[in-house]
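Chain and residue survey
One letter stands for each residue in the lines below.
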Amino acid sequence: MKEELLHMVPRAVIPFFKGVLSTIVVFTLGNVLMYAMRSPVSVCTCAAYHDEMLDPLRIGTPRTLGNADFLRLLTFEANLLQNSISSPFPFVLLSMGNSAMKEMYQSWYCNTAHMKEVHERTLIIMSGEEAKIELRKTSPNVVTIGVPTGQGLQESWDFDTCGYWRLVAQRVRVVGELLRSGIALLLWEPDAFWVQNPLEDPLLSRFRENEADVLYYTDGGESIGFGFLLLKPTPAVLKVWTALEVSWGSLLQKELEGKALSDTCHVLGEQTVFTMLLKDPQFAVKVKPLPMKRYVSGKWYDGGVLHSELVPSKTVNEAPLPVIINNNWIIGNDAKTRRAKRWGHWFANSTGECAPRTEHQQMLRTATLSVKTKWPVWGEEPPDECPRCPKSDERL
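All of the points below concern the structure found in this document. (Residues numbered from 1 in each chain as written. Predicted model: local features only at pLDDT ≥ 70, side-chain atom pairs only at ≥ 80, totals over all residues. Heavy atoms only, no water.)

**Digging into helix α9 (residues 270-278)**
How we decide: Each residue is assigned to one of three classes by its accessible area relative to the maximum for its type, calculated with a 1.4 Å probe on protein chains only: buried under 20%, partly exposed between the two thresholds, exposed over 50%. Note on conventions: DSSP H or I runs of at least 4 residues are helices, E runs of at least 2 residues are strands, and numbering of each starts at the N terminus. Note on definitions: a residue-residue contact is assigned when non-hydrogen atoms from the two residues lie within 4.5 Å.
Those residues of α9 not exposed but buried are Glu270, Val273, Phe274, Thr275, Leu277 and Leu278. Buried positions along α9 lie against α6 (162-180), β10 (225-231), α8 (235-256) and β11 (287-289).

**Looking at the packing of aromatic side chains**
A ring pair, where both rings are aromatic, is described by two values, the distance of the centres and the angle of the planes. Applicable threshold: Each Phe, Tyr or Trp ring, with Trp reduced to its six-membered ring, pairs with another whose centre is within 6.5 Å; inter-plane angles below 30 degrees give stacked pairs, above 60 give edge-to-face pairs, and intermediate values give tilted ones. In this scheme, the term charge over a ring applies when either NZ of a lysine or CZ of an arginine sits within 6 Å of the ring centre and within 35 degrees of the ring normal.
Taken as a whole, this structure holds 17 aromatic pairs when the rule is applied. A centroid spacing of 6.0 Å and a plane angle of 75 degrees characterise the contact between Trp194 and Phe228, whose relative ring orientation is edge-to-face. Here Phe228 lies in strand β10 and Trp194 lies in strand β8 (residues 193-194), a separation of 34 residues in the sequence. You can call Trp194 buried: its relative accessible area is 1%. With centroids separated by 5.2 Å and ring planes inclined at 85 degrees, the aromatic side chains of Trp300 and Tyr301 adopt a geometry described as edge-to-face. Here Trp300 and Tyr301 have matching classes, each one buried. Members of the aromatic cluster, joined through ring pairs, are Tyr105, Trp108, Trp188, Trp194, Phe228 and Tyr295. A cation over an aromatic ring shows up here: Arg121 above the ring of Phe91, its NZ or CZ 4.4 Å from the ring centre.

**Some thoughts on the pairing of strand β6 (residues 143-146)**
Formally: Any two strands between which DSSP finds at least two bridges are classified as paired. Looking down the strands as they point away from you, a crossover is right-handed if its path from the first strand over the helix to the second goes clockwise.
Neither face of β6 is open: one carries Val143 and Ile145, the other Thr144 and Gly146, and all of them are buried. Of the pairings in the sheet, the one linking strand β5 (residues 122-127) to β6 comprises four bridges and is parallel in character. Paired with Met126 across the bridge in β6 is Gly146. Once you follow β5 into helix α5 (residues 129-138) and on to β6, the crossover reads as right-handed.

**Section: the sheet that holds strand β7 (residues 185-188)**
To be explicit about the condition: Here an axis means a line fitted to C-alpha atoms, over the contact stretch when the element is a helix, while the angle between two N-to-C directions is reported on a 0 to 180 degree scale.
Pairing in this open sheet of seven strands is mixed, and the strands run β6-β5-β4-β7-β10-β9-β11 from one edge to the other. Sheet topology places β6 and β11 at the edges, where each strand pairs with a single neighbour. Sheet twist, expressed as the mean angle between neighbouring strand axes with direction ignored, is 25 degrees. For strand β9 (residues 214-217) and β11, the ladder comprises three bridges, and the chain directions are parallel. For Leu215, the partnering residue across the bridge sits in β11 and is Lys288. Helix α3 (residues 67-84) rests against β4 (92-98), β5 and β6 of the sheet, and its axis sits at about 155 degrees to β5. Against the sheet, α5 contacts β5 and β6, and its axis sits at roughly 170 degrees relative to β6.

Listed below in structure tokens is the structure:
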């Protein structure tokens, strides 16, 4: 029945049922019009439905989604997630990455598999077709969609290349579209170790009651980190985020002119520009930092890549058991992966899958013990863990 409807032209109406839930999707060849009739129960996010709606449309002659279609469908999916959340503050956990980060997403999925509601509230945007398909196989409880093809964003780009900044620009635009649709967002990165479930932290779960518009992670500097950032879709946030899209987007566009995606682009980071805009009184955005002792930076690991003006890791290590340990202050995805594995903070096997239940629970206990003892499972940092990082004697 479903296959017949998919090939009906010019339109077809397909109901999907899950308990008392009914999602009705209306297709046309020219565009996609969708609406959902739903109860508070979970939404049907069938794999086949995803493939047909959020990738090249398989209605009549297949075609590639344009950017406008992609943003409309992304907003629809995020609305489904938000409406299915029973929490008083139903924010969506949003992350965006490329194929080089696939294994990190798989490890994060296994790390958080036991955490209540985390996967059910997560939306991952992947700029790589094969990586997206793999994530759907190994992370079936998480909604994963792909960036439209033909934009040069499918490949893995090194930091500071024009391709990298174009991917960042896509994330900035995605966040803006979702905020303008009234969706509260928690931005996160897959390289972090989630020691505890942040959804159980009252700072996040009850943030709706807080007068602040933005709840942010900081590593001690002035910049607001996007690695763990909670945004309410308030008028003040919408105004400042639109300003970010316009001002930073203009800077980036000038830098991109005449350059290949593999070229280096010297542009001020979007986090830096966002921090500068928040200081402008015309926006009147109220911000609140997360406690550094609970949401720690990569300086927690072996001192990270430290400089004299930054807080030494031994000070951070005096903190109680953290909620999140970010794996930053290190250069390169390979170095991040090696460090996570050495500390026992890596949870996926070689095929990207989670270990059996008993083994997985032991891995979590070992990882948590390394946080309590502040000692890596596999010993001190080897000299070749991060070839591009400053040597240990250059860090402090």
